[in-house]
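Listed below, chain by chain, are the residues.
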Amino acid sequence: MKENNKKTKCCSNIYTSICNAINAPICVLNFSGEIIFINDEFKYLTGYSHEEVKSKFLDVLFVQKRSNLNSKLQKLSDEDVYSINSVHLKHTSNIHIPVSIDIGVYFENNLKYFICTFHDLSKEIQLETELYNCSQAIEQSPVSVVITDVHGDITYVNPKFTRVTGYTYDEAIGANPRILKSGKQSAEFYTEMWSTILNGKEWRGEFHNKKKNGESYWEDALISPIIDKNGIVTNFIAVKEDITEKKLALEALHASEEKLRRKNSIMQQDLDYSKIIIDQLLPENAPVVDFLRITYRYMPLEVIGGDFFSFFKSKNEKLGIFLGDVAGHGVMAALFLTLVHFITNQISNKYWEQPLDFLHSLNNELLISTSSHFLTAAYCLFEKNQEAIVLKYAKGGHPPIIYCNSETGEIGYIKSHGRIIGIIDEVQIEEKIISCKTGDRFFLFTDGLHETVNDSNTMLELEGLLEIVKKTNESDLDKTLDKILLSINNYKGEVPFKDDIIIMGIEII
């Protein structure tokens, strides 16, 4: 027992010297392969204390035991080193630690010991994994990657480069990227690029290059210098995306936009001409009639609408008023309105004193001329005879007339039946005949007035318009129209008008 204690003490001094000299996890095995000592680095590596591993065989700490380990150790001479390149140690936290182990022999007092030096491979494996992932990312990248030396000679290309250019890896290595030049870019372009990257800066631009088969293509490229720890440029890396299809699509888009701009310019000219035409179709002033007072307001939208009106007057104390509202807006509405205006002028020669026949004739003529457009219309004829002033009124799909009775003060609608003009044959239209008195008033309007919408998306409608007229009807007809429009404007708030507006006031005097 005394001899053994002496030997252990002697070995302990040796172990301490080894720990001080080697900055690595180590453990010492006796001749039987049992652990008799571990240093602090080994404790940090595995989490085990000296007491926990003492007298245990080394491979007990392995995730998978090594067969015949002890027999191999017994064969080692003092000049041999046995290396285990890859093994996983168990950590107290159940983590597996990859290590390599170098095992050498040491003799002390004729006793054989095995000194095991461990190398933690975790960081190396992590670095290898990162390098592998990085290389795979480059190899499988959807963009071309090219690395050159400082002279511009290619040292690496990824598979995407070979697929895009047609050059194989072996053909590209050692070549210069100038093999891709198409000759479509100036020498100054390349001078500026080289000046930028040689100064250690990134360069970004587009190359118009040529493939191996002569086909040209466009690339968006980012070239970065690779700088060593001394600040010296050692290589260049270029990441390039084939943007040929994007370029072609952009060129097609620009061509389409230019074509659209030209069309829009022509359309704008057409709209401007159409506005001029509509302005010329409208009467400049209300006609002078000795038994009527007539005033009107016309509020067109910026887009071309189809509201219009005409007056027909003769020397025999009669006045015809036609009010029409063509469906739609724009050039087509203007063209249709022009057709309607032409037809009404033609049929007025024969039917201007007969509202019912006037609208029937207009309907028939439109069916002959076109079947794709329609309008609402109203026709009023004011006639003075020896006995009284008479209003003959007919409408086709148009809003009713507002009638203000001067004797009773009653304000209401004159309703008559009649379908939209220009859609069907034999349109049914009802004619009304009203005997008028001095002071009676009539208000004709298009649907843009009562279809006004407010901030709550609520429409004014006919009943709302009637209430406004009741509240704003004054002795002066012009002031009445202005107040009606002001009330409607207040009703709509910030909501823009959706349609043209015509309102006409007629007063018996």
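As shown above, the structure is provided for reference.
Bear in mind that the values here come from a model prediction, so they are computed numbers and not experimental data. Within any chain, residue numbers begin from 1 and follow the written order of that chain's sequence. Reporting in this predicted model follows two pLDDT cut-offs: at least 70 for local features of residues, and 80 or more for side-chain atom pairs to be given and counted; totals over whole chains, interfaces and linings ignore these cut-offs and use all residues. Water and hydrogen atoms were dropped before computing side-chain values, which therefore reflect all heavy atoms in the structure.

Novice: Could you clarify how one ought to interpret the pattern of salt bridges in this entry?
Specialist: Where charged atoms from two side chains of opposite charge come close, those side chains can pair. The term salt bridge refers to a pairing of a side-chain nitrogen on Lys or Arg with a carboxyl oxygen on Asp or Glu at a separation within 4 Å. This model, assessed by the stated rule, comprises 19 salt bridges. R297 is the partner of D478 in a salt bridge, and the nearest nitrogen-oxygen pair spans 3.1 Å. Taken together, the positions of D478 in helix α13 (residues 477–492) and R297 in strand β11 (residues 292–299) put the pair 181 residues apart, joining distant regions of the chain. When the shortest N-O distance is used, the salt bridge between K432 and E430 registers 3.6 Å. With a 1.4 Å probe rolled over the protein chains alone, any residue whose accessible area is under 20% of its type maximum counts as buried; one over 50% counts as exposed, and the rest are partly exposed. On the accessibility criterion, K432 (27% relative accessible area) is partly exposed. Sharing partners across several salt bridges, the network here consists of E258, R261 and R262. Secondary structure elements follow DSSP: runs of H or I no shorter than four residues count as helices, runs of E no shorter than two count as strands, and numbering proceeds from the N terminus.

Novice: Before we go on, may I ask you to explain the environment of E202 in this structure?
Specialist: Locating E202 in the fold gives a position in the loop between α8 (187–198) and β8 (203–210). By relative accessible area, which is 54% here, E202 ends up exposed. It is 6.8 Å that separates the C-alpha atoms of E202 and P225, two residues lying 23 residues apart in sequence. The residues touching E202, leaving out its near neighbours within four places in the chain, are T196, L222, I223, S224 and P225. Any N or O atom pair separated by 3.5 Å or less is treated as a polar contact, with the protein-specific requirement of one donor-capable and one acceptor-capable atom, and with residues adjacent in sequence counted only for side-chain atom pairs. Among the polar contacts listed, one links the side chain of E202 to the side chain of S224, at a separation of 3.3 Å. The contact definition used throughout considers only heavy atoms, calling two residues in contact when any of these lie within 4.5 Å.

Novice: What's the story with the nonpolar core in this structure? I'm lost.
Specialist: One broad trend across soluble globular proteins is that nonpolar side chains are buried collectively. By nonpolar core is meant a set of buried Ala, Val, Leu, Ile, Met, Phe, Trp, Tyr and Cys residues that side-chain atoms within 4.5 Å join together. F322 and F382 are the most contacted members of the largest nonpolar core, which totals 52 residues. The dominant element in this core, judged by the number of residues it contributes, is strand β14 (residues 375–384), at 7 residues. Excluding residues within four positions of it along the chain, F382 makes contact with F291, L292, E317, K318, L319, I321, V390, L391, F442, I506 and I508.

Novice: Is there a simple way to explain the packing of aromatic side chains in this structure?
Specialist: Two descriptors summarise a pair of aromatic rings, namely the distance from one centre to the other and the angle between the planes of the rings. Stacked, tilted and edge-to-face pairs are distinguished by plane angle, under 30 degrees for stacked and over 60 for edge-to-face with tilted covering the rest, among Phe, Tyr and Trp rings (Trp via its six-membered ring) whose centres lie within 6.5 Å. Counting across every chain of the model gives 18 aromatic pairs. Aromatic rings pair up to connect F308, F312, F322, F358 and Y379 into one cluster. Above the face of the Y190 ring, K181 is positioned so that its terminal group lies 4.1 Å from the ring centre. Any Lys NZ or Arg CZ found within 6 Å of a ring centre and within 35 degrees of that ring's normal is scored as a charge over the ring.

Novice: Please explain the sheet that holds strand β17 (residues 411–414) as it appears in this structure.
Specialist: Backbone hydrogen bonds hold the strands of a sheet together, and the pairing may be parallel or antiparallel. One open sheet holds the 5 strands; their spatial order is β11-β20-β19-β16-β17, and the pairing between them is antiparallel. One side of each edge strand has no neighbouring strand; the edge strands of this open sheet are β11 and β17. Strand after strand, the sheet turns through a mean of 20° between neighbouring axes, direction not considered. Packing of helix α12 (residues 461–472) onto the sheet brings it into contact with β16 (401–404), β17 and β19 (441–445), and relative to β17 it is tilted by some 140°. Angular values range over 0 to 180 degrees, each being the angle between N-to-C directions of two axes fitted as lines to C-alpha atoms, with helices fitted over their stretch in contact. Contacts from α13 reach β11, β19 and β20 (501–508), with the element oriented near 25° to β11. When DSSP finds two or more bridges between two strands, those strands count as paired.

Novice: Just checking my understanding: could you explain the pairing of strand β1 (residues 26–29) for this structure?
Specialist: The side chains of a regular strand alternate between both faces of the sheet. With burial as the criterion, each face of β1 is covered, one bearing I26 and V28 and the other bearing C27 and L29. Across 4 bridges, the pairing between β1 and strand β5 (residues 111–120) is antiparallel. In the sheet register, L29 faces β5, and the bridge partner there is F114. Sheet topology note: the β1/strand β2 (residues 35–38) ladder contains 3 bridges and is antiparallel. Across the sheet, L29 pairs through a bridge with I35, a residue of β2. From the end of β1 to the start of β2, which pair antiparallel, there are 5 residues, and G33 there has a positive phi angle of about 90°.

Novice: I tried to follow the packing of α12 against α13 on my own but got confused; where do I start?
Specialist: Helix-helix packing is characterised by the crossing angle of the two axes and by the distance between the axes. One can describe the packing of α12 onto α13 by two numbers: an axis separation of 9 Å at closest approach and a directional angle of 135°. For the element pair α12 / α13, the angle class is oblique. The two elements α12 and α13 meet at a crossing, and its hand is right-handed. Mapping the contact onto sequence places L465, I468, V469 and T472 in α12 and T480, K483, I484, S487 and I488 in α13. Only Asp, Glu, Lys and Arg are considered charged in this grouping, and only Ala, Val, Leu, Ile, Met, Phe, Trp, Tyr, Cys and Pro are considered nonpolar; every other residue, Gly among them, is considered polar. Here the residues of the contact of α12 with α13 are counted per class, giving 5 nonpolar, 3 polar and 1 charged. Should an angle fall under 35 degrees it is called roughly parallel, over 145 degrees roughly antiparallel, and 65 to 115 degrees roughly perpendicular, with every other angle called oblique. By definition, turning the near helix anticlockwise from the far helix through less than a right angle yields a left-handed crossing, and turning it clockwise yields a right-handed one.

Novice: Even after reading the chapter, I still don't get the side chain of S310, so can you show me in this structure?
Specialist: Within the fold, S310 resides in strand β12 (residues 307–313). Not counting residues up to four positions away in its chain, the partners in contact with S310 are P283, G320, I321, F322 and H341.

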